[in-house]
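Fold and geometry: a report
The lines below spell out each chain.
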Amino acid sequence: MIVLILVSASCDSDSTSRHIPNLGDTPYQADSVLVAYAYHPDRALVMLDSALLLGNINEYRGRFIRAKIYSKSIIKQRQDSAILICQQLLQHDSVINAPHEQENVLDLLMITSRTKVDFEGYVKWATQKAEVCRLQGEETEQWRTEAEIGMVLSHLGQPEEGMAKINEAIRQLDAPGSIDRMDAFIIAVKRKISVLNDQGRYAEVIPLGQRILDRLDHYVEHAADYAEDSYRLSWSDSPADRDRYIDFTRAQANGFLAGAYAMTGDEARARECLARFNQSGYGPSFSARRMIIPAQMALGLYDEAMTTSDEIVYRMGSDTINDDYAVILRNRAIVARAKGRLAEAYDLMNRHARLAKVLSDSLHAGEAHDYAARYHAQEQELKIQETESASRMKSIIIGVIVLLFIIAGAFSFYYRRQRQIISEKNRALVRMINGTPLEAPADEAEGSEESDDAGESEVPGVNSALFDTIDTTIRTERLYTNVSLQRTDICERFCITRHTLNTLLAQHAGCSSFPQYINNIRLGEAISLLRDNPSMTIAAIAAAVGFSSANFREQFKRQYGVTPQEYRQNL
């Protein structure tokens with residue numbers, strides 16, 4: 001019973017918390033695969049391989065969908081494969097810096113761990129997910145996950161603490177306002193129903209199942225009042241998805257009610273709820289048939305229950321050493337006894353007893369307490385780490401602020417001093433070029449451009465120093481990035497004539513004009529950016545060095561014989 005409840009609960013988590021996109025024109029797309037996997041997982045795998053071959057799904061998405069299909073399998077090897085794929089995906093570039101993708105992968109790990117009845121793994125992944133949600137400020141998803149943890153704690157032998165978590169999650173989420181919040185509330189209620197079924201408290205399930213139906217009715221009647229505030233549930237692009245969600249959730253609520261009424265002896269109401277369950281779009285699916293087996297058994301619908309059990313056994317293959325198979329053996333014994341086949345019933349009960357001994361209920365109970373202890377230790381460690389992290393962060397912030405003030409002061413002093421030195425150098429060099437002694441008054445430095453030129457030709461060392469100063473200034477202050485930079489800007493800054501600047505460029509830069517000299521600097525800087533920044537676009541590089549995109553390509557091609565894109569590709 002516990003395993004069937006856990007598995008049936010696991011089947012709803014992904015369906016209720018994920019938006020199914022519109023179906024495309026071809027079955028070999030991600031949405032078609034996701035629709036098929038709940039009904040025919042092997043067919044879904046074939047469709048997935050075809051979609052990957054056609055290029056309709058990228059490598060990361062393909063691995064994620066494969067893990068999702070494996071997570072719903074009852075074959076242990078596929079469940080293990082799902083865990084392994086998800087652990088690898090957590091290290092994928094598409095996940096590391098994307099909190100929502102981390103949540104998706106952790107969801108799959110939680111679902112698979114629950115299907116495997118791996119409580120330790122489940123608590124581990126659920127705790128990580130709750131932390132991710134908390135850091136992202138996703139309160140609704142955090143409480144949804146807390147409800148999941150509460151359910152597992154209850155199954156681990158701590159019903160009071162587990163139920164307290166679930167009840168708190170229900171209290172926090174029990175307020176209409178958004179689609180995502182409604183879905184999280186329904187999930188929390190389902191988790192409480194799972195715990196109550198496990199404890200045999202069937203009468204308490206009935207009002208909870210009705211609460212789910214009431215919330216769905218309120219949504220249908222006041223849909224405009226529910227905001228679409230989450231990427232998880234959004235039906236703006238396909239109203240049909242909304243209808244599927246309502247059908248699925250309403251069917252599950254009727255399934256819970258059918259089981260509860262059957263266990264409390266109200267056969268008439270149980271059959272009414274079961275009929276509504278079977279008439280839903282979700283009812284024919286394999287996961288739905290598994291969910292309803294306890295109600296069918298309680299109502300004496302043995303043929304229907306055995307048909308689903310036979311399919312479960314077929315899907316298990318040779319992997320029959322598990323709790324699911326033990327429950328099936330017990331159910332078959334009950335059916336055989338009810339039909340008067342006492343010898344067969346006796347044999348089946350013996351097989352059930354032997355398998356139960358192998359599975360060792362006492363060992364499971366001991367492991368459950370151990371898992372709970374580890375969970376509490378992990379929870380305490382997380383709290384300690386959070387406190388220490390907050391303290392360290394506060395100290396770091398204070399230190400950084402002080403350091404920034406010091407650096408700003410030092411930089412301001414250094415910048416003013418450098419400007420002063422450069423200005424003094426430039427004035428001295430200009431006076432030397434003009435042939436004026438450093439001590440001479442400013443009015444004695446006046447003269448014609450011809451005398452300036454003559455002075456420059458007589459002091460080549462000074463010319464070289466002046467060019468170095470101009471060149472260094474243009475490069476260090478990145479004046480070349482200014483697309484409107486003109487020759488007159490440099491002449492005015494260094495108090496030289498146009499002819500002087502042209503002479504310096506010809507003598508020391510090998511350039512016949514100022515535009516050619518500036519373009520050479522820009523192209524040299526562009527080469528470095530193309531080589532060292534592969535993620536930077538060509539347009540961004542052009543803008544960074546002072547070119548328009550079109551002019552950059554033309555100048556680069558003229559200078560190097562290839563376009564910037566061709567150069568990057570041939571690195």
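Each value, and the rule that gives it
- Residues numbered from 1 in each chain as written.
- Predicted model: local features only at pLDDT ≥ 70, side-chain atom pairs only at ≥ 80, totals over all residues.
- Heavy atoms only, no water.
- pLDDT = per-residue confidence, 0-100.
- Contact = heavy atoms within 4.5 Å.
- Salt bridge = Lys/Arg side-chain N within 4 Å of Asp/Glu carboxyl O.
- Helix = DSSP H or I, 4+ residues; strand = E, 2+ residues; numbered from the N terminus.
- Buried < 20%, exposed > 50% of the residue type's maximum accessible area, 1.4 Å probe, protein only.
- Expected span 1.5 Å × (residues − 1).
- Arc of directions from axis to C-beta.

1. Structural notes on the confidence of the model for the protein
Residues with a pLDDT of 70 or more make up 79% of the protein, whose mean pLDDT is 77. This stretch, residues 1-29, has a pLDDT under 50; its non-local contacts, to residues over four places away or in other chains, come to 101 contacts. Scored below 50 in pLDDT, residues 429-459 makes 29 contacts in the model with residues more than four places away or belonging to other chains.

2. Quick notes on the pattern of salt bridges
Throughout the structure, instances matching the rule amount to 25 salt bridges. The closest approach of N and O atoms between R144 and E141, which form a salt bridge, is 2.6 Å. Of the two residues, R144 and E141 both sit in helix 9 (residues 139-155), three residues apart, roughly one turn of that helix. Comparing R144 with E141 shows no difference in burial state: the two are buried. Two residues, R332 and D310, come together in a salt bridge whose shortest N-O distance is 2.6 Å. Placement of the pair is R332 in helix 17 (residues 323-338) and D310 in helix 16 (residues 302-316), with a sequence separation of 22 residues. Judged by its relative accessible area of 42%, D310 is partly exposed. Residues joined by salt bridges that share partners form a network here, namely D107, K129, E141, R144, D180 and D183.

3. Details of helix 18 (residues 342-359)
The terminal C-alpha atoms of helix 18, which comprises 18 residues, lie 25 Å apart, in line with the 26 Å expected from a rise of 1.5 Å per residue. Listing the buried residues of helix 18 in full gives A345, L348, H352, L355 and L359. Mapping the buried residues of helix 18 onto a view down its axis gives an arc of 90 degrees, with all of them on the same face. Opposite the packed face of helix 18, turned more than 90 degrees from it, sit the exposed residues L342, A343, Y346, R354, K357 and V358.

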